[in-house]
Amino acid sequence: MKRRTKAQIDPDCVVALSASDMKAFRFRRTETGVAMEGIWQASPIDSNAKSPAATIAVLQPARMVCRTIELPDAAPDKLEIALQLQAETKQMGSVDAWRTASSVLAFRCDDGGRTGIVVDWPTNDAGPSLSRDLPPDGEPLFAGDSAILAAVLDGYAAGPLVSVNSDRTAFSFALRTPKGLSVRSTRIDPSQWPEAATMAVIESALSGGMNAAQAETLVGLLDEAVAAAGDGGFGCTQTDRDSLAECVSGLDDVDAWREHGLKALAALIWFSPAQPLVSLRAQPMGERPGHVGEWINRLGDPQ
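The structure reproduced in this document is the subject of the present report. (Residues numbered from 1 in each chain as written. Predicted model: local features only at pLDDT ≥ 70, side-chain atom pairs only at ≥ 80, totals over all residues. Heavy atoms only, no water.)

## Points about the layout of surface pockets
Okay, step 1: The computed volume of the second largest pocket comes to approximately 370 Å³.
Okay, step 2: Along the walls of the second largest pocket sit 22 residues, with Ser18, Ser20, Val164, Gly232 and Gly233 positioned nearest its centre.
Okay, step 3: At the level of secondary structure, the elements contributing two or more residues to the lining of the second largest pocket comprise strand E6 (55–59), strand E11 (161–164), strand E14 (233–235) and helix H6 (254–270).
Okay, step 4: Residues of the lining of the second largest pocket, tallied by class, amount to six nonpolar, ten polar and six charged. (1 Å grid on protein atoms, 1.4 Å probe; cavity = no way out; pocket = protein on both sides within 12 Å on 5 of 7 lines; lining within 4 Å. Points joined across faces, edges and corners; volume = space filled by probe spheres on them. Helix = DSSP H or I, 4+ residues; strand = E, 2+ residues; numbered from the N terminus. Nonpolar A, V, L, I, M, F, W, Y, C, P; charged D, E, K, R; others polar.)

## Brief notes about the sheet that holds strand E2 (residues 13–18)
Okay, step 1: Read across the sheet, six strands follow the order E10-E6-E2-E3-E4-E15 without closing on themselves; strand pairing throughout is mixed. Across the chains shown, the open sheet's two edge strands, defined by having one partner strand only, are strand E10 (141–144) and strand E15 (248–249).
Okay, step 2: Here four bridges tie E2 to E6, and the two strands are oriented parallel to one another. Within the sheet, the bridge partner assigned to Val15 lies in E6 and is Thr55.
Okay, step 3: In the packing of helix H2 (residues 145–152) onto the sheet, contacts are made with E6 and E10, and the angle to E10 comes to roughly 70 degrees.
Okay, step 4: Most of the contacts of H6 go to E6, to which it runs at about 130 degrees, and overall it touches E2, strand E3 (24–29), strand E4 (34–39), E6, E10 and E15. (Pairing = 2+ DSSP bridges. Contact = heavy atoms within 4.5 Å. Axes fitted to C-alpha atoms, helices over the stretch in contact; angles between N-to-C directions.)

## Observations regarding the nonpolar core
Okay, step 1: Judged by nonpolar contacts, the single largest core of 62 residues is most densely connected at Ile148, Phe234, Val248 and Leu265.
Okay, step 2: At ten residues, H6 tops the list of elements feeding residues into this core.
Okay, step 3: Membership of the second largest hydrophobic core comes to 20 residues, among which are Ile188, Trp193, Ala197 and Met210. (Core = buried A, V, L, I, M, F, W, Y, C linked by side-chain atoms within 4.5 Å. Buried < 20%, exposed > 50% of the residue type's maximum accessible area, 1.4 Å probe, protein only.)

## Some remarks on unusual backbone geometry
Okay, step 1: With omega at -5 degrees, the peptide bond leading from Pro135 into Pro136 counts as cis.
Okay, step 2: Mapped onto the elements of the fold, Pro136 is located in the loop between strand E9 (114–120) and E10.
Okay, step 3: Look at the link from Trp193 to Pro194: it is a cis peptide, with omega at 0 degrees.
Okay, step 4: Residue position: Pro194 is located in the loop between strand E13 (180–187) and helix H3 (195–207).
Okay, step 5: Although it is not a glycine, Ala62 adopts a positive phi angle of roughly 75 degrees.
Okay, step 6: With respect to the helices and strands, the residue Ala62 is situated in the loop between E6 and strand E7 (65–71).
Okay, step 7: Judged by its relative accessible area of 23%, Ala62 is partly exposed.
Okay, step 8: The backbone phi angle of Arg168 is positive, close to 60 degrees, even though this residue is not glycine.
Okay, step 9: Positionally, Arg168 belongs in the loop between E11 and strand E12 (170–177).

## Looking at the pairing of E9
Okay, step 1: For E9, the buried fraction is high: seven of the seven residues fall into the buried class.
Okay, step 2: Judged from the seven bridges that link them, E7 and E9 form a sheet pairing that is antiparallel. Counted as the bridge partner of Glu70 is Thr115 from E9.
Okay, step 3: Counting the residues between successive antiparallel strands, the hairpin from strand E8 (residues 100–108) to E9 contains five residues, one of them, Gly112, with a positive phi of roughly 90 degrees.

Structure, rendered in structure tokens:
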């Protein structure tokens, strides 16, 4: 029996999909960022084929916990140690290593301090069951929308950035404040949309040191971002779409950004120093459960 040839890895290509609709798209690294090449489809492996380096599945809002950690201005190695210590203190060993990640962002607060991001994926969320044909090994990586938004604010956009569930029961946002980046995912009553979302953002802005005038300006920007997110998806201002278009090609209008923005931005972050934030796993590498195990897990899959 002829052994199946394992494909070579293309380090400049990744696949990204929304875990809610499971339609996968191929993204390629460019000189300025990434380009969306189109829908990815599984094909027979041959000796000349190269497999994308990773598949990133973006989870719905509020399924992952994203925390910001205030850090002093220090050498990179000391910042990483300080972030790890604070993350371990908060987690108290409650999160498996493959379900958590952290990264120190380049963004500086008004006082010169730095911001660290810690992402946790609760162990009671088994994760969606995705195709076993996804490259490169049938074991996709996972990313939370809030972590993507936070990483994008680190030099790619000014914010606010939002992500909205299609039924408007969950909402994530990221914005810059005088005290650092503010990131939050929250569940809301859809009958109180968008007022409840606006209130959550303003509370975070004021806690982050914004004054009344700054908060008033923020409301106008937030209204524009929420409108861009429409009935579900990614939303930002036109100014930020113009900025993001300089590093993401293939998304031509607000509708394309709403539907594919998080996937494209996850691919962008994969090729950045913040790659760990979009690289969580549902289980350790090589330990994906069989079909029956995944069927059982789906019974408790939060929607």
